[in-house]
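# Summary of the model geometry
The lines below spell out each chain.
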Amino acid sequence: MPEDLEPGVIRKLDEVVVNRIAAGEIIQRPANALKELLENSLDAQSSHIQVHVKAGGLKLLQIQDNGTGIRREDLAIVCERFTTSKLTCFEDLSQIATFGFRGEALASISHVAHLSIQTKTAKEKCGFKATYADGKLQGPPKPCAGNQGTIICIEDLFYNMPQRRQALRSPAEELQRLSEVLARYAVHNPSVGFTLRKQGDAQPALRTPVNSSRSENIRIIYGAAISKELLGFSHRDEVFKFEAECLITQVNYSAKKSQMLLFINQRLVESPALKTAVDSVYATYLPRGHHPFVYMSLTLPPQNLDVNVHPTKHEVHFLYQEEIVDRIKQQVEAQLLGSNSTRTFYKQLRLPGAPDLDETQSADKTQRIYPKELVRTDSTEQKLDKFLAPLVKSDSGASSSSSQEAPRLPEESFRVTAARKSRDVRLSSVLDMRQRVERQCSVQLRSTLKNLVYVGCVDEKRALFQHETHLYLCNTRAFSEELFYQRMIYEFQNCSEITIAPPLPLKDLLMLSLESEAAGWTPEDGNKGELADSAAEILLKKAPIMREYFGLRISEEGMLESLPSLLHQYRPCVTLLPVYLLRLATEVDWEQEAQCFETFCRETARFYSQLDWREGATAGYSKWTMEHVLFPAFKKYLLPPPRIKDQIYELTNLPNLYKVFERC
């Protein structure tokens, strides 16, 4: 090895460099700066916002509002990073109801442009004007005349970042982007008047009146062709706790350019999944390559929404995204079906002598999919087991397969289960457990589980499944234990019951448990009868808690009458029931509420996760349960934590197999 090779010296970047890098992530073009400042003006309760532009916002971008203004005392720090009036602690982020919260917009702009702020509050007799550079106030604020509100003036955007400035489009295109941002906020906030004016033009490029309506603003901005075809509807979902207000065009309107205005909790965001779902509904009605106009406003509980996932805040993450998108898709489809009677069709006459259209011409050429990238497994296809099973003779003499696929029982959906719940959970300890599960959920693993295809059972602990072109081996017992733990939490106080008929004597079950090796009894532990009596006494004392919260019913006479039903068509292994009851008496912390619920749910999940794999008919039932009950439940319910990655092993994938067989 050459002797002159030395490792590079790690240096701490200068603060100016750090701030400019951060500013480049947040302010990517003039439209980003406008979006941030519009949200600040709306947070300030403005009723009218004016925007003046020169050279597409690169030479000048001025935003004027009549909101609450900025206090004189705050002008000294208003352009420093992480200074905001919306947050005081990190926990406030889960309940954030304003647009801004990080305090980075003005700071980022001041690092890449010449920034000045003129503001006046209602209590002050005059306004004040201040200039900023690199997040610092340049001299004390100067008194000046002015109306209530704020005027923010941005000049020479990206003057110190020539590469970024050269990469931007023409001023006309940047102006178009500014107009699109302002138009979207004008539609969503009809009570606020918006004006966009290009410097030097006599007439504004865009103007909407104060206290207008969304449909009227759509007519002003996007034209009467769209507004006359608008179909408005609203939807409130009690299961997933969201509200939707929509304005969509009927099937008579279509355009080659897709227009979707999406606001989630008043924020302008993008959602490719929701856009794809809506386009798939319209694909039935519109010509190929044509799209509708869609305005959609979703309101979710703030604790279900993560707004801090992107520097420009144009993306958000929220719980139950796939289910909510599916529910909205159903509503859009229902509205379009109801409006189909108004559809207008036009017939084109063929001129005499014109040749017939060549109907054999192919339409659009789809992108080529190579064999090594082709997903070849479909969950609706019949399984390989059907062809490997031995044939048996029936009474009629015909041959048939001995392992016929068990008929699918009707599946109870999550929506039906949630709608059935009659009692809301208000215990903070249980709500904290739910939030911890949701916060620790791995989005990548959840996507894999949602789209998996079951392949087959390997043994009592392992099974194979496919995701896209990858084949995985997973520990089904670990998956099941986490699944049942989460089901216990989310079915808390609403558990259905598995009735045990006839009821089983609790003390006899505990004695059976102490006789088994799993109990680990030794003579030093004491007399088995006395231990059984002590455990039975504990369970009888805690029976009201188990009955009220978990659906486990023990009578006053000491008879076990029911167990909780956590999954439709699923029954736990009864041979492990005695050990389960003994562990409830000895391993559950019955003194503290949070620890009691946590340990009870964990012990129950451990019991439910073990199927009966003994020789005989039950082994076939266990395989059927794994395929038709557990794996569908993984796809529907399981929110996998990151630690469960250790229980999944990739065996192979199609591209690697092609590399091997291409050499043969």
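The structure reproduced in this document is the subject of the present report. Since the structure is predicted, the reported quantities are computational estimates derived from the model, not experimental observations.

Conventions and cut-offs
Residues numbered from 1 in each chain as written. Predicted model: local features only at pLDDT ≥ 70, side-chain atom pairs only at ≥ 80, totals over all residues. Heavy atoms only, no water. Buried < 20%, exposed > 50% of the residue type's maximum accessible area, 1.4 Å probe, protein only. Helix = DSSP H or I, 4+ residues; strand = E, 2+ residues; numbered from the N terminus. Arc of directions from axis to C-beta. 1 Å grid on protein atoms, 1.4 Å probe; cavity = no way out; pocket = protein on both sides within 12 Å on 5 of 7 lines; lining within 4 Å. Points joined across faces, edges and corners; volume = space filled by probe spheres on them. Nonpolar A, V, L, I, M, F, W, Y, C, P; charged D, E, K, R; others polar. Axes fitted to C-alpha atoms, helices over the stretch in contact; angles between N-to-C directions. Parallel < 35°, antiparallel > 145°, perpendicular 65-115°, else oblique. Contact = heavy atoms within 4.5 Å. Pairing = 2+ DSSP bridges. Salt bridge = Lys/Arg side-chain N within 4 Å of Asp/Glu carboxyl O. Patch = residues over 30% accessible without salt bridge, like charges linked within 9 Å, V, L, I, M, F, W, Y side chains within 5 Å. Areas by Shrake-Rupley, 256 points an atom, 1.4 Å probe, with all protein chains shown as cover. Phe/Tyr/Trp six-rings, centres within 6.5 Å; stacked < 30°, edge-to-face > 60°. Expected span 1.5 Å × (residues − 1).

## Overview of helix α15 (residues 506–515)
What α15 keeps buried is the set Leu506, Leu509, Leu510, Ser513 and Leu514. Viewed along the axis of α15, the buried residues span an arc of 140°, placing them on a single side of the element. Exposed side chains of α15 directed beyond 90 degrees from the buried face belong to Leu512 and Glu515.

## Quick notes on empty space enclosed by the protein
In this structure the tally under the stated criterion is 3 cavities of 30 Å³ or more. Its volume calculated, the largest cavity comes out at about 50 Å³. Forming the walls of the largest cavity are Glu460, Thr476, Arg477, Ser480, Ser609, Gln610, Leu611, Trp613, Met626 and Leu630. Broken down by secondary-structure element, the contributors of at least two residues to the lining of the largest cavity are α14 (476–490) and α20 (617–636). Ranked by residue count, the leading element in the lining of the largest cavity is α14, at 3 residues. Its residues placed into classes, the lining of the largest cavity shows 4 nonpolar, 4 polar and 2 charged.

## Observations regarding the packing of helix α17 (residues 543–550) against helix α19 (residues 593–608)
In helix packing, the relevant descriptors are the interaxial angle and the interaxial distance, both defined with respect to the helix axes. Contact geometry of α17 with α19 gives a least axis separation of 13 Å together with a crossing angle of 75°. When the interaxial angle is binned, α17 and α19 end up roughly perpendicular. Contacts between α17 and α19 involve Met546, Tyr549 and Phe550 on the former and, on the latter, Phe597, Phe600 and Cys601.

## Notes on the side chain of Thr195
Within the fold, Thr195 resides in strand β8 (residues 193–198). Look at Thr195 and you get buried, because its relative accessible area is 5%. In contact with Thr195, not counting residues within four places along its chain, are His48, Ile49, Gln50, Val51, Leu182, Pro204, Leu206 and Arg207.

## Quick notes on the sheet that holds strand β23 (residues 553–554)
If you trace the 3 strands from one edge of the open sheet to the other, you get β22-β24-β23, paired in antiparallel fashion. Looking at which strands have only one partner, the edges of the open sheet turn out to be β22 (496–505) and β23. Direction of pairing for β22 relative to strand β24 (residues 559–565): antiparallel, over a ladder of 6 bridges. Residue Pro505 lies in a different strand from β24, and its bridge partner there is Met559.

## What to know about the pattern of salt bridges
Per the counting criterion, the structure on display carries 24 salt bridges. For Glu238, the salt bridge identified is with Arg236, shortest N-O distance 2.8 Å. One salt bridge connects Arg643 with Glu482, and the closest N-O pair in it is separated by 2.7 Å. A residue pair is termed long-range when its members are at least 10 positions apart, and Arg643 in the loop between α20 and β25 (648–653) and Glu482 in helix α14 qualify at 161 residues. Using a relative accessible area of 44% as the deciding quantity, one classes Arg643 as partly exposed. One connected set of salt bridges, linked through shared partners, spans Arg436, Glu482, Glu598, Arg602 and Arg643.

## Remarks on a nonpolar patch on the surface
Together, Leu657, Val660 and Phe661 line one region of the surface with nonpolar side chains, adding up to about 280 Å² of accessible area. Here Leu657 shows up in helix α21 (residues 654–662).

## Regarding the packing of aromatic side chains
Evaluation of the coordinates by the stated rule reveals 22 aromatic pairs. Considering the side-chain rings of Phe492 and Phe550, the 5.5 Å spacing of their centres and the 85° angle between planes classify their relative orientation as edge-to-face. Taken together, the residues Phe492 in the loop between α14 and β22 and Phe550 in helix α17 connect sequence positions 58 residues apart. Residue classification places Phe492 among the buried residues on the basis of a relative accessible area of 1%. Between Tyr549 and Phe597 the ring centres are 5.5 Å apart and the planes differ by 90°, which places this aromatic pair in the edge-to-face class. Taken together, the residues Tyr549 in helix α17 and Phe597 in helix α19 connect sequence positions 48 residues apart.

## Examining unusual backbone geometry
The step from Ala501 to Pro502 runs through a cis peptide bond, and the omega angle for that step is -5°. Even without a glycine there, the phi angle at Ala55 is positive, about 55°. Here Gln266, not a glycine, exhibits a phi torsion of approximately 75°, which is positive. By secondary structure assignment, the location of Gln266 is in the loop between β12 (259–264) and β13 (267–268). Residue Gln266 is classed as partly exposed on the basis of its relative accessible area of 35%.

## What to know about helix α2 (residues 30–43)
Owing to its 3.6 residues per turn, the α-helix aligns residues three or four sequence positions apart on the same side. The end-to-end C-alpha separation of α2 is 20 Å, in line with the 20 Å expected for 14 residues at 1.5 Å each. Within α2, 12 of the 14 residues are buried, which leaves it mostly tucked inside the rest of the structure. Pro30, Ala31, Asn32, Ala33, Leu34, Lys35, Glu36, Leu37, Leu38, Glu39, Ser41 and Leu42 are the residues of α2 that are buried. Looking at the residues trailing α2, positive phi occurs at Gln45, about 65°.

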